[in-house]
Amino acid sequence: MTESSVFPDPVYRETVLEPLFEGVKANYAAGMAAINRAHLIMLAETGILPAKDASAIAHALHDIEAKADIRDLTYTGQYEDFFFQLEAELLKRLGDRGSALHMARSRNDIDHTLFRLALRERTHLMLGELHGLAEALISKATSEAETLIVAYTHGQPAQPTTFGHYLGAIIEVILRDAQRLDAAADTLECCPMGAAAITTSGFPIDRERMAELLGFEKPLLNSYGCIAAVDYITGLYSAIKLVFIHLGRLIQDLQFWSAFEVGQLNFPDSLVQISSIMPQKRNPVPIEHLRHLASTTAGRCDMIVGTMHNTPFTDMNDSEGEVQQAGYAAFQSGSRTLRLLTALVPACRINGERVSRSTDAACITITELSDTLVREEGLNPRQAHSVAATVAKAVIRDEKALAEAYDTFAATFTAATGRDTALDDTAFQAAVSAKEFVARRERPGGPGPLALRAAFDGYGGILSELRNRDRARVERHSKANERLAAAFSSLM
């Protein structure tokens, strides 16, 4: 004999059903209202639902929305979830006729449509903040196009370049990340409505009309995929993760450059915190917050993608409700990261005096001297490298500036080649000048003024195109809201 029980079990209610109900209130109530209105309009326009019934349901939906404060609703367990509670309200007002709204649809296609509606709004906001960061960095890079810095490889001083050139590299990564996120946003623009539970419906539904009324570009074609495929989730969070993985590398450089021992980068007092005991301390604490926020965001994205791993290709709670809501935290921490970086990087300043000292101490212009010996003296690259390396070792050993080492260079050249150098002191000074080093590198992508200006122009064009694409999606959503409101009003 089977023991009878009453749904819901108290523990199941407390641990699952009530949190899900609260999640719908917080994230999906508006989307549910839009789906109900659009579906009702489609049922009426296709003749599936008589005009009189459609009008009655429209009035009932309007009445429910006008009288119910979603925030005050509590989960009582009387109905399984938010959907059935809303249907119960329709049945109270219309009797059995109220159930007609659910013809030719399921909670399956409703849910995945709700998730896409929620994600596309959050993605639009993140794209806007990412575009804003790119714009701020392009402006900063343009203003710092001639500001010399020490570039590092393997954690060691390597060559001179400019802050604008460094930021250009970061901008390119951000723009590529923005393109990936934009492509992921496009995957949200296909509507699952009309898939019903799995196989669409025997009713003559109009899936294109549903997509249009809800602001989607088109229906998602395969009905099984509408309720089972999760690539719109995994693709989106993977694209978001890459943004913050890559920004984490910028953040690491900001930390390193601002360390006392390097001192290449300074931050204003408004973005520096002091010590409670050590009077001399100027702690760039925002960088530490940026690092953990970026890592937290990437980790939250991994959590969502990992949850989908090895799940069956079917309608599963692993990709719904609570998992979707958990993912929204990635948008929150991601937003904080992007907004703080947008404020921090434009406010920072390069310490030119420290850059100059490090340039001299580390002999970082020696590469151009080696190149000059190949071009002007006819040495082969290995000979030139050997002469330059010997000069660099002597300069660093003697702790003097490379620009002051002409005699050392001349003697080294003669010892290595058996002849005197044709370079006089003026030519030597040019070959070891950090400013000249940069100016000579006008190849595409280099830090030379013309090359850098061309790059900045290209970045602006890419950013403009990305903004136009996002704007087009938002305009489609906005116009769809207007059409939906007008069509719903006509039913009443």
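The following paragraphs examine the structure supplied in this document. Fair warning: this is a prediction, and the values are worked out from it, not measured in the lab.

### Here's the deal with the side chain of D109
By secondary structure assignment, the location of D109 is in helix α5 (residues 107-143). Despite its burial, D109 pairs with no opposite charge; the closest candidate is R105, at 6.6 Å N-O. In this structure the side chain of D109 is engaged in a polar contact, spanning 2.9 Å, whose partner is the backbone nitrogen of S106. Excluding residues within four positions of it along the chain, D109 makes contact with P192, M193, G194, A195, A196 and I227.

### Focus on helix α13 (residues 366-377)
Counting along an α-helix, one turn takes 3.6 residues, and residues three or four places apart therefore face a common direction. Relative to the 16 Å expected for twelve residues at 1.5 Å per residue, α13 spans 16 Å between its end C-alpha atoms, a close match to the ideal helical length. Where α13 is buried, its residues meet α14 (381-398), α15 (406-417), α16 (425-431) and α17 (434-439).

### Concerning the pairing of strand β1 (residues 148-153)
Here β1 runs beside strand β2 (residues 156-162); their pairing, made up of six bridges, is antiparallel. Looking across to β2, one finds that Y152 is bridged to P157.

### Structural notes on the side chain of H39
Among the structural elements, H39 can be located in helix α2 (residues 29-45). Looking at H39, the relative accessible area reads 1%, which means it is buried. If we skip the residues at most four places from it in the chain, H39 touches L101, M103, A104, R105, M193 and M210.

### A closer look at unusual backbone geometry
A cis amide bond links F7 to the next residue, P8, at an omega of 0 degrees. Note that P8 resides in the segment before α1 (10-27). Look at H154: it is not a glycine, yet its phi comes out positive at around 55 degrees. With respect to the secondary-structure elements, H154 resides in the loop between β1 and β2. Residue class for H154 comes out exposed when judged on its relative accessible area of 81%. Although it is not a glycine, T200 adopts a positive phi angle of roughly 70 degrees. By relative accessible area, T200 is classed as partly exposed at 33%.

### With respect to the pattern of salt bridges
Summed over the entire model, instances satisfying the criterion amount to 34 salt bridges. Residues R473 and D182 are paired through a salt bridge, measuring 2.7 Å at the closest nitrogen-oxygen approach. With a gap of 291 residues between them, R473 in helix α18 (residues 449-491) and D182 in helix α6 (residues 163-187) connect regions that are remote in the sequence. Taken individually, R473 and D182 each receive the classification buried, so the pair is uniform in this respect. With its nearest N and O atoms 3.0 Å apart, the salt bridge here joins E377 to R419. Within this pair, whereas E377 is found in helix α13, its partner R419 is found in the loop between α15 and α16, the two being separated by 42 residues in sequence. Residues participating in the shared-partner salt-bridge network are E368, D371, R375, E436, R440 and R441.

### What to know about the nonpolar core
Ranked by internal contacts, the top residues of the largest apolar core, which has 113 residues, are L40 and Y237. Residues in contact with Y237, not counting those within four places in the same chain, are L119, C301, I304, V305, Q324, G327, Y328, A330 and F331. Counting residues in hydrophobic clusters, the runner-up holds 21 residues, among them L373, V391, V395 and L402.

### A look at the packing of α6 against α18
α18 packs onto α6 with a crossing angle of 20 degrees between their chain directions and a minimal axis gap of 10 Å. Taken together, the axes of α6 and α18 lie roughly parallel to each other. Relative to α18, the crossing made by α6 is left-handed. Contacts between α6 and α18 involve G164, H165, G168, I171, E172, L175, A178, Q179, D182, A185 and D186 from the first element and L452, F456, Y459, I462, L463, L466, R469, D470 and R473 from the second.

Definitions and cut-offs
- Residues numbered from 1 in each chain as written.
- Predicted model: local features only at pLDDT ≥ 70, side-chain atom pairs only at ≥ 80, totals over all residues.
- Heavy atoms only, no water.
- Helix = DSSP H or I, 4+ residues; strand = E, 2+ residues; numbered from the N terminus.
- Buried < 20%, exposed > 50% of the residue type's maximum accessible area, 1.4 Å probe, protein only.
- Lys, Arg positive; Asp, Glu negative; His and termini not counted.
- Salt bridge = Lys/Arg side-chain N within 4 Å of Asp/Glu carboxyl O.
- Polar contact = N/O pair within 3.5 Å; in protein donor to acceptor, adjacent residues only side chain to side chain.
- Contact = heavy atoms within 4.5 Å.
- Expected span 1.5 Å × (residues − 1).
- Pairing = 2+ DSSP bridges.
- Core = buried A, V, L, I, M, F, W, Y, C linked by side-chain atoms within 4.5 Å.
- Axes fitted to C-alpha atoms, helices over the stretch in contact; angles between N-to-C directions.
- Parallel < 35°, antiparallel > 145°, perpendicular 65-115°, else oblique.
- Left-handed = near helix turned anticlockwise from the far one by under 90°.

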